[in-house]
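# Secondary and tertiary structure notes
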Amino acid sequence: MNIAIVCVAYNRTDSLKRLLTSLEQAYYATPATLIISIDKSNTDVVEQFADNYHWLHGEKRVARHEQNMGLRAHMLSLGSYFDEFDALIVLEDDITVASSFFSYAQQCVETYYGHGLIAGISLYSFNVNYQNHLPFTPAKSPYDVYFMNCAQSWGEVWMKPQWEDFMAWYKTHDGNFNMEHLPPCLNQWPKSSWLKYHTRYCIEMEKYFVFPYFSLSTNNADPGENFDQTDTLFQANMQATLQTEFRLPAVEECEVCYDGFFQSKFLGKYLGIAEEELCIDLFSDKPQCLFRHYVLSNRSLPYQVRQSFALQLRPIEMNIMLDRAGNELWLYDTTQPATPPKAVDGYQAFAYFYQKAFYKIRTMIGLSRSLVLLRKQIATKLKTLMTMLS
């Protein structure tokens, strides 16, 4: 497969330097073409730097856009490189890659190229659910990857046939994102976002991105289009040492899959329920328009409880997989109205999701003062959580 690395730049020379330094230090079993695509800004220092930059691992090209395109148009324009390449590793300038990223990308492309259920490949691995800012830990399998109905832009791989399918969909859909079946934050992203289209495509068309358990890239969140100031919230647990062989399942063999809300899609067999009859709502933020015959949730709902579980084990799915009995997670039959169960205590749920920070503060200043401090510092998040649990 002929794979190119595309660095997307605008007006941040320091960011581009940092990205290129990490690319220089990576491992390449074969030469790699590097393309630096620069959108027009009010300065030409990035263009001058790119022109003078020497790439040691293959051919280097610099694409200079004469008119400002904006982020969405700039990103989508990269698809023109599929006239020459089978796959593109797309990196915005505030990304840093791990030494193994190219080996991972090559092997993923060889495994998933042209597969109808796969929309793309992520280099980045989430440790925070960006939709509710809760910690996210995917259930582990024997493989190095899992699947999710969620596109990704902090280091990703596009493959020609899958990209052509996405673009055919994109051309027939407008910018209307006020939709109940989508995560609320997706509806609120600005018009400049191209990622919200790719994510909506994955959700509506049941397409997956391939995600690594250990990240092959991280987001530095430099000030720019998406961030007003540097933020470390989405710094990934990036792989520190070199790995040249990856365990990649066939699509049919991958049991660990998540939907576009970071909710698991593999718990039906543990509950004796067909997946198409089950809605997973373990973070209490799934729109009720997506509820099915059965709902597994930790919010108090007016339906008959068929089974209940504890909120103790991590990742959260393990409470169901190991049948840990309790009264914090409920499996509801939505066809049977009933008195809602007693809601989970908000602080109990908060302590579960943020246990390390919670108990560190508690040890330092005592339980009562720590609760006051937590309430003040994260009032917005806690209010949202309490509302969902009520």
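Source: prediction; values computed, not measured.

### With respect to the packing of aromatic side chains
- Tallied over the full model, the rule gives 35 aromatic pairs.
- Judged by centre distance (6.0 Å) and plane angle (70°), the ring pair of F101 and F102 falls under edge-to-face. Grouping residues by exposure puts F101 and F102 together as buried.
- Ring plane angle 75° and centroid distance 5.0 Å describe the contact between Y124 and W154, whose orientation is recorded as edge-to-face. Here the residue Y124 occupies a position in the loop between β6 (118–122) and β7 (145–148), and W154 occupies one in the loop between β7 and β8 (156–159), the gap between them amounting to 30 residues.
- Positioned above the aromatic ring of Y213 is the side chain of K140, whose terminal nitrogen or guanidinium carbon lies 4.4 Å from the ring centre.
- Here K196 stacks its cationic end above the ring of F177, 4.6 Å away from the centre of that ring.

### Observations regarding the environment of A50
- Here A50 lies in helix α2 (residues 45–52).
- By relative accessible area, A50 is classed as buried at 0%.
- As for A50 and A63, which are separated by 13 residues in sequence, their C-alpha atoms are 9.4 Å apart.
- Aside from chain neighbours lying at most four places away, what touches A50 is I36, I38, K60 and V62.

### Some words on the nonpolar core
- With 125 residues, the main nonpolar core has I5, L23 and F101 as its most contacted residues.
- Leaving out residues up to four positions away in the same chain, L23 has contacts with I5, C7, Y28, L34, W55, H57, L91, V97 and F101.

### Topic: the layout of surface pockets
- Here the second largest pocket defines a volume of roughly 520 Å³.
- Lining the second largest pocket are 25 residues, with N149, E206, D259, K265 and R292 sitting closest to its centre.
- Among the elements that make up the lining of the second largest pocket, the one with the highest residue count is strand β12 (residues 278–281) (3 residues).
- Residues that form the lining of the second largest pocket fall into these classes: 12 nonpolar, 4 polar and 9 charged.

### Some remarks on the sheet that holds strand β13 (residues 294–297)
- The sheet built from 4 strands is open, its strands ordered β12-β13-β15-β14 with mixed pairing. Sheet topology places β12 and β14 (303–309) at the edges, where each strand pairs with a single neighbour. Direction aside, the axes of adjacent strands within the sheet are offset by 20° on average.
- Of the strand pairs in this sheet, β12 and β13 are connected by 4 bridges, and their pairing is parallel. Residue L278 lies in a different strand from β13, and its bridge partner there is Y294.

### Considerations on the sheet that holds strand β4 (residues 87–92)
- The mixed open sheet is built from 9 strands, whose spatial order is β3-β2-β1-β4-β8-β6-β9-β7-β11. At either end of the open sheet lies a strand with only one pairing partner, and these are β3 (60–64) and β11 (257–258).
- Relative to strand β9 (residues 208–212), β6 runs parallel, the two being bridged by 3 bridges. Within the sheet, the bridge partner assigned to I121 lies in β9 and is V210.
- Against the sheet, α2 engages β1 (3–9), β2 (33–38) and β3, with an angle of about 160° to β3.

### Quick notes on the pattern of salt bridges
- Enumeration over the complete set of coordinates arrives at 10 salt bridges.
- Note that D51 is salt-bridged to R64, the shortest N-O span being 2.5 Å. Here D51, found in helix α2, pairs with R64, found in strand β3; they are 13 residues apart in sequence, far enough to count as distant.
- For D51, a relative accessible area of 38% puts it in the partly exposed group.
- Of the charged contacts, one joins R61 and E59 as a salt bridge, the two residues approaching to 2.9 Å between their closest N and O atoms.
- Note on E59: relative accessible area 41%, which makes it partly exposed.
- Overlapping salt bridges, with partners in common, bring together E59, R61 and E84 in one network.

### Focus: the confidence of the model for the protein
- Mean pLDDT over the protein stands at 90; residues scoring 70 or higher make up 88%.
- Counting interchain partners and residues more than four positions distant, the pLDDT-below-50 stretch residues 357–365 has 13 contacts.

### Here's the deal with unusual backbone geometry
- The omega torsion across R314 and P315 is -5°, close enough to zero to call that bond cis.
- Within the fold, P315 resides in the loop between β14 and α9 (318–321).
- A positive phi angle, near 65°, is found at F262, a position not held by glycine.
- On the secondary structure map, F262 appears in the loop between β11 and α8 (268–271).
- One non-glycine residue, D323, adopts positive backbone phi at about 55°.
- Turning to its location among the elements, D323 is positioned in the loop between α9 and β15 (329–337).

### Some details on the packing of helix α5 (residues 160–170) against helix α7 (residues 195–205)
- Close contact between α5 and α7 brings their axes to 11 Å; oriented N to C, the two are set at 95°. Our classification of the angle between α5 and α7 gives roughly perpendicular. Across from W163, D165, F166, W169 and Y170 in α5, the residues of α7 making contact are Y197, H198, R200, Y201, E204 and M205.
- Split by residue class, the contact of α5 with α7 holds 7 nonpolar, 1 polar and 3 charged.

About the criteria used
Residues numbered from 1 in each chain as written. Predicted model: local features only at pLDDT ≥ 70, side-chain atom pairs only at ≥ 80, totals over all residues. Heavy atoms only, no water. Phe/Tyr/Trp six-rings, centres within 6.5 Å; stacked < 30°, edge-to-face > 60°. Buried < 20%, exposed > 50% of the residue type's maximum accessible area, 1.4 Å probe, protein only. Helix = DSSP H or I, 4+ residues; strand = E, 2+ residues; numbered from the N terminus. Lys NZ or Arg CZ within 6 Å of the ring centre and 35° of its normal. Contact = heavy atoms within 4.5 Å. Core = buried A, V, L, I, M, F, W, Y, C linked by side-chain atoms within 4.5 Å. 1 Å grid on protein atoms, 1.4 Å probe; cavity = no way out; pocket = protein on both sides within 12 Å on 5 of 7 lines; lining within 4 Å. Points joined across faces, edges and corners; volume = space filled by probe spheres on them. Nonpolar A, V, L, I, M, F, W, Y, C, P; charged D, E, K, R; others polar. Pairing = 2+ DSSP bridges. Axes fitted to C-alpha atoms, helices over the stretch in contact; angles between N-to-C directions. Salt bridge = Lys/Arg side-chain N within 4 Å of Asp/Glu carboxyl O. pLDDT = per-residue confidence, 0-100. Parallel < 35°, antiparallel > 145°, perpendicular 65-115°, else oblique.

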